[in-house]
Amino acid sequence: MNYDLIDLRLLVLIAETGGFAPAARAANMSVSALSERVKALETQAGTPFFERSARGSRPTRAGIELAGHARAVLLQAERLNGAVASWRHRQSGTIRLLANSNAIISFMPDLLAAFMARYPDVVVDLHEDTSDSIARALRAGDADVGIAAGNAKLDGLDLVPFRRDRLVLLVPAGHRLADARSVGFAELLDEQFIGLDEHSAIHVYVGQQAQKLGRELGVRLKLRSFEGVCRMVVAGAGVAILPSTTVGTGTLEAGAHVVQLADAWAERKLVICLPRDRPIPALVRLLVDEIAQGPSSRFEGVGRRERVAKMQGA
């Protein structure tokens, strides 16, 4: 087969965003054009890479394996580009980056690997924190850039769209909802939940949804990692609401089941956060340009002229 880097990027984008429609939006192309490119790949390979249905699409085993190889190929291409570009425009320095658990686990490994391959002399000092703490650190000048949940307390910061994700219900094998395709949150309020600690944005967010229905969320166990939550669900200790991108194939192979949440609030936005009261360093501008999602990524909350002035201020 002859592989095109654009096709490989599109295939990885579909796998990461969870469907053809969000991938097409991120790539600024029509769903039909994206579908045709993928079908051409599948025809060459003689096997489908995605299972398509009226409810969406998900990668087949062949698609998961190909996406993994595609990431490796794309990373090597970035390293090649970085090796060439670095001799022309050598960039060096340190970026202090804070990100929440979901961003680090689901999106940052590939994005940072590509960025650091392109700029081999740049150090990214990455630390995990909760979304509200990230906002406080940015306001205090203790970080250069952050990635947080859009529902966090982000007042006083400039925001750039990063990625979208959906919260889903994870249940163990044999659970009453194991064969359900979707469920409303109101039907889950008597369940025993496994969750992240009380400071996590997801815990606070889901708890707020329960309070709107006049209930408190019944949390049986609180853990510090999505992996730990998934393991507890597999063991049958309870159910969990967590980002779809944090549920690995190992969790599903171990018998857990993903059930879609029918509520509109289950779709979440992750945003890149930047301080509003000081110039943006050139290295941070480079990182934001690399990882921001598509041409629709713009600063929110400040006018266009002010945005340009800030981005050119360093």
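The numbers attached to residues start from 1 for each chain and follow its sequence in the written order. With the structure being a predicted model, the display of local features is reserved for residues of pLDDT at least 70 and the display and counting of side-chain atom pairs for 80 or more, all residues being used for whole-chain, interface and lining totals. To get the side-chain values, take all heavy atoms of the structure and skip hydrogens and water.

**Remarks on the overall build of the protein**
Part 1 of the argument: Put simply, DSSP H or I for four residues or longer makes a helix, DSSP E for two residues or longer makes a strand, and each gets a number counted from the N terminus. From N to C terminus, the protein includes 12 helices and 12 strands.
Part 2 of the argument: Taken across its 314 residues, the protein has 46% of its residues classed as buried.
Part 3 of the argument: By definition, residues are in contact when any of their heavy atoms lie within 4.5 Å. The long-range share in the protein, meaning contacts at least 24 apart out of those at least 6 apart in sequence, stands at 76%.
Part 4 of the argument: Only the protein chains shown count as cover for residues, with accessible areas throughout obtained via the Shrake-Rupley method and a probe of 1.4 Å. Within the structure as shown, the protein displays about 16,000 Å² of accessible surface, and the carbon and sulfur contribution to it stands at 50%. Only protein chains enter the accessibility calculation, which uses a 1.4 Å probe. A residue is then buried if its area is under 20% of the maximum for its type, exposed if over 50%, and partly exposed in between.

**Focus: the confidence of the model for the protein**
Part 1 of the argument: With 90% of its residues at a pLDDT of 70 or more, the protein shows a mean pLDDT of 85.
Part 2 of the argument: Per residue, pLDDT measures the predictor's confidence, with a range of 0 to 100. Note that residues 294–314 has pLDDT below 50 and, in this model, 41 contacts with residues that lie over four places away or in other chains.

**Observations regarding the environment of A135**
Part 1 of the argument: The residue A135 is located in helix α7 (residues 131–140) in this model.
Part 2 of the argument: Residue classification places A135 among the buried residues on the basis of a relative accessible area of 0%.
Part 3 of the argument: In sequence terms A135 and L154 are 19 residues apart; their C-alpha atoms lie 5.8 Å from each other.
Part 4 of the argument: In this structure, A135 is in contact with K153, L154 and L157, ignoring residues within four places of it in sequence.

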